[in-house]
Every structure is written in structure tokens, then in C-alpha cells.
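This is what each chain is made of:
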Amino acid sequence: MRTIVRAALILRPSSRRVSTQAVATPSSSRTHQLGAIRNDWTRNEIQKVYDTPLLELMYQAATVHRMHHNAKQVQKCTLLSIKTGGCQEDCSYCPQSSKYDTAVKSEKLMSVQSVLGVAAQAREAGSTRFCMGAAWRDVRGKWQFEQILEMVRGVRGMGMEVCCTLGMITQEQAQKLHAAGLTAYNHNLDTSPEYYNKIITTRTYDDRLTTLANVRNAGISVCSGGIIGLGESLNDRVGLIHALATLPEHPESVPVNALVPVEGTPLEKQPRVPIWDLVRMIATARVVIPKAMVRLSAGRVMLSIPEQAMCFMAGANSIFTGDKLLTTPNNAFNDDQQMFHLLGLEGLPPKFTVEQGEQPSHSHPEDSPHCASHSAEQHAHAAAA
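Residues numbered from 1 in each chain as written. Predicted model: local features only at pLDDT ≥ 70, side-chain atom pairs only at ≥ 80, totals over all residues. Heavy atoms only, no water.

### Quick notes on the overall build of the protein
- Looking only at helices and strands, the protein has ten helices and 14 strands in total.
- Across the 385 residues of the protein, 58% fall into the buried class.
- For the protein, the exposed area adds up to about 15,700 Å²; of that, 54% sits on carbon and sulfur atoms. (Helix = DSSP H or I, 4+ residues; strand = E, 2+ residues; numbered from the N terminus. Buried < 20%, exposed > 50% of the residue type's maximum accessible area, 1.4 Å probe, protein only. Areas by Shrake-Rupley, 256 points an atom, 1.4 Å probe, with all protein chains shown as cover.)

Below, the structure written as C-alpha cells:
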């Protein structure tokens, strides 16, 4: 039986900072420090984390969460589809693909004024991050791209984090988005490299990695995660986290989506993802990619408040608010307000890096009285950052 050996937590009263925990197994010659930032994870190591008994895994994830974050804070984000339907891609989960006969019809790009109006309403409702999604394979046309840049400038001018998911982008486009004030760019890997071509054939895994590199090189924060419930194996879920955890730099944001099957898509008959699978995926992501915002994204509408609470305990610290996630239903605003009050959660203020034009906070999460003393987008263009 696997044995867990843990170093005692050390709490320094003057700083309220905590030590990392040594976690080892007899079957592994390596010992990793719980909460340490690593880019050299092996797939086998991540598999061991994923296979940890669930309550122990949740405990480890909650501990890591509190090492890097204020566990009481959950960011409220709003995701708007600014260009719906008519996408050339064949993503099997996506009702916006032109390849499938769904209820989603192609629409033109929304006007700048309309988008900024929605953003202002989102800010008033408590969102600190506004995400704009366009059902494109890539950005084409100078006029459309200029409209996007104007939207980015407008939302950033409201003091909100601003994120886009526009498909593949070039280095030059990424640099222009950065200059306009874009905080983050979402481009999900979706699943493991091995299972990927069973879900999408019109864009390669390397295409996605190239876009992430272009975003990173431009100084924009990377938002990249995936979807569970596509028919993948448990090993594929580990493979997705491994692909994210071994990037040159960890994504600042990792959306964890549970498939919302949509009639007319090839995955319309997929069964609902069990809550235990979602919690395990969130907890593993939290342990392996400690500093990231782990976003409880698509599929949240199917969860009760107790089920969502388990996701927060496992390390999720962001949700999407509003009536829709692109084209699929989302939790009602009043329900989220009730949940935050019941669980004692509070919204997370927007954060910007030095490169993004504002000084980040240098306070440590443990300095907050809300942290435990022992130290805690999107389904891309589909049924789901």
C-alpha cells in the first residue's frame, strides 16, 4: 500500500507563511514538495497524484491552494460570444461548428458598443474578468481584428481583466492584442495529445501549442485547460494535465470543463460527467499547477451547491457568471449570490502583471485573515477558458 510521508507544517507567526510538504511513495525514488512549482513532472508522477484516494487528494489540493491563494476568494468571470456559429472547425463537442446540424446559427460579429454594454453590466454584477469568444478557426480580416482591438481597449478601460478566445493567432496579432491591453488569451488543449485527433481533425495539437507560444511571447497571460467527458480514458486526463504542466511556463489560468452534450453534435449521447471525476480533475490540476487560477467552467450548471463546494475545496477558485457560457445555459445570478453567501466566499479583485501596465500585489495570501492558519473559459467555442 502506498505510504504518504509528510513533513510537519511550519507556521512562522511573524509572516504567517508555511513550508511545503514532502510527499513520497515507496514506488518512486523522487520526492516532490507539495506546492512547489515544477515544469519537469513525469506522466507517472501525475498519475500517482490523480490516483490518490479522493479525500486525501482533496486535502492535499486544499493545502496547496492555501499556499498560493486566498481560499475564500473566487473570481467571477463573464464569457460572451461576440461571434456565434459558422465555425469551420469540426470539434466534436461544439454546436457552433458548421459541420453539424444544431440549433446554433451563424451570426455576425457584435458591435463594439453592444459588447461594451454587456461588459459594463457584467462589472456591475461583480465580474472582474470579461472574456470574449469568437467562433473562428483563426482571425481573418483587418476590419474584424480592429473591432476586437477596440473591444479589448474598452473593457480594459473599465478596470477589468480582459480575455479573448479567437482561435489561432499569429505572433503579430498577439503583440497587437497585448498593446491594446489584453490580459489573457484562452486556447484550450482540450484533451491529451493521444486522444486529440478523435475529437478534432481540422487543427493539430501542435497548432494549439504554437498559438500558446505566440501568446506567451507577446507578454499575454495564458489561459488553457480542457474538457472531460469526451469519451477519453483516465490516462488521457492525466495526459492533458501533463501537457499543461510541462509547458515552459505554467498557464496562469486552467479552465476545467465538464462536457455539456448538445443535440446535433457527435457527442450528443455522452453521459454526464460524475461529480467525483470533476473534483478529482480539479484537485490534480491544483496540486500539479499550484499557482494557476483553476476555473470551474462548463458543466457547473448541472451541479448543486454542495457539489460546487467540493470543487472549491479541491482548489477551484474561479467561475463564470451570467445566463450563458457562449451558447449553453449557465447558473442564474441569484443562485450564485446565494451560494457565495452560504459558503462565505467573496469575489476576487482583478489582477494585472507589470507587463500589463499595473503593479501586481506583493502581499502573500497567508497575510489575509481569511486564510486557514495551517496552510488553497471556457469550453472554448462550444458547450462550455
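### Some remarks on the packing of aromatic side chains
- Within this structure, the stated rule accounts for one aromatic pair.
- Here the aromatic rings of Tyr-196 and Tyr-205 are separated by 5.2 Å at their centres, their planes lie at 80°, and the arrangement is edge-to-face.
- Judged by relative accessible area, Tyr-196 falls into the buried class, the value being 3%.
- On the accessibility criterion, Tyr-205 (10% relative accessible area) is buried.
- Across from the ring centre of Trp-41, 4.3 Å away, lies the NZ or CZ of Arg-38, which sits over that ring.
- When the ring centre of Phe-340 is taken as reference, the NZ or CZ atom of Lys-76 above it lies at 4.5 Å. (Phe/Tyr/Trp six-rings, centres within 6.5 Å; stacked < 30°, edge-to-face > 60°. Lys NZ or Arg CZ within 6 Å of the ring centre and 35° of its normal.)

### A short note on the nonpolar core
- Counting 91 residues, the largest nonpolar core has Tyr-93, Ile-148, Leu-177 and Leu-278 as the members making the most contacts within it.
- If one sorts the elements of this core by residue count, helix H8 (residues 275-288) sits on top with eight residues.
- Those residues in contact with Ile-148 that lie beyond four places of it in its chain are Ile-82, Leu-109, Trp-136, Cys-164, Leu-166 and Leu-177. (Core = buried A, V, L, I, M, F, W, Y, C linked by side-chain atoms within 4.5 Å. Contact = heavy atoms within 4.5 Å.)

### Thoughts on the pairing of strand E11 (residues 318-321)
- Going residue by residue along E11, you find Ser-318 and Phe-320 tucked away on one face and Ile-319 and Thr-321 tucked away on the opposite face as well.
- Taken together, the four bridges between strand E3 (residues 73-83) and E11 define a ladder with parallel strand orientation. Each residue of the ladder has a partner; that of Thr-78, found in E11, is Thr-321.
- Following the chain from strand E10 (residues 293-296) across helix H9 (residues 305-313) to the adjacent parallel E11, one finds a crossover that is right-handed. (Pairing = 2+ DSSP bridges. Right-handed = clockwise from strand over helix to strand, strands pointing away.)

### With respect to the pattern of salt bridges
- Following the criterion strictly, the structure yields 15 salt bridges and no others.
- One salt bridge in this structure joins Arg-38 and Glu-45, with 2.9 Å as the shortest N-O distance. This pair shows no difference in class: Arg-38 is buried, exactly as Glu-45 is.
- Connected through shared salt-bridge partners, Arg-38, Asp-40 and Glu-45 make up one network. (Salt bridge = Lys/Arg side-chain N within 4 Å of Asp/Glu carboxyl O.)

### Things to note about the packing of helix H3 (residues 112-124) against helix H4 (residues 142-156)
- It is at 10 Å that the axes of H3 and H4 come closest, and there the two elements cross at 30°. Taken together, the axes of H3 and H4 are roughly parallel relative to one another. The element H3 and its partner H4 pack so that their crossing is right-handed. Of the residues in H4, those touching H3 at Val-112, Val-115, Leu-116 and Ala-119 are Gln-147, Glu-150, Met-151, Gly-154 and Val-155.
- Split into classes, the residues belonging to the contact of H3 with H4 amount to six nonpolar, two polar and one charged. (Axes fitted to C-alpha atoms, helices over the stretch in contact; angles between N-to-C directions. Parallel < 35°, antiparallel > 145°, perpendicular 65-115°, else oblique. Left-handed = near helix turned anticlockwise from the far one by under 90°. Nonpolar A, V, L, I, M, F, W, Y, C, P; charged D, E, K, R; others polar.)

### Some remarks on the environment of Ala-283
- Mapped onto the elements, Ala-283 comes out in helix H8.
- Residue Ala-283 is classed as buried on the basis of its relative accessible area, which comes to 0%.
- Through-space distance from the C-alpha of Ala-283 to that of Phe-312 is 9.3 Å; in sequence the pair is 29 residues apart.
- Setting aside residues up to four positions removed in sequence, Ala-283 forms contacts with Leu-57, Ala-61 and Ala-314.

### Details of H8
- Between its first and last C-alpha, H8 extends 20 Å over 14 residues, near the 20 Å set by a 1.5 Å rise per residue.
- The complete set of buried residues in H8 reads Ile-275, Leu-278, Val-279, Arg-280, Met-281, Ile-282, Ala-283, Thr-284, Ala-285, Arg-286, Val-287 and Val-288. (Expected span 1.5 Å × (residues − 1).)

### Topic: the state of the cysteines
- Going through the model one piece at a time under the given rule, you end up with zero disulfides.
- With no disulfide of its own, Cys-94 lies closest to Cys-91 among cysteine sulfurs, the gap being 5.8 Å.
- Residue class for Cys-94 comes out buried when judged on its relative accessible area of 2%.
- Unpaired in this structure, Cys-223 has its nearest cysteine sulfur neighbour in Cys-163, at a distance of 5.0 Å.
- A residue is classified by how much of its surface remains accessible, and Cys-223, at 0% relative accessible area, is buried. (Disulfide = S-S within 2.5 Å.)

### What about helix H6 (residues 205-217)?
- With 13 residues, H6 should cover 18 Å at 1.5 Å per step; its first-to-last C-alpha distance of 18 Å lies within 8% of that length.
- Buried residues along H6 sit against helix H5 (171-180), strand E6 (184-186), strand E7 (221-223) and helix H7 (234-245).

### Points about the confidence of the model for the protein
- Averaged over every residue, the pLDDT of the protein is 83; the share at 70 or more is 80%.
- Every residue in residues 24-29 scores below 50 in pLDDT, and together they form eleven contacts with partners more than four places removed in sequence or on other chains.
- A low-confidence stretch, residues 358-385 stays under pLDDT 50, and its non-local contacts, those more than four residues away or across chains, total 116 contacts. (pLDDT = per-residue confidence, 0-100.)

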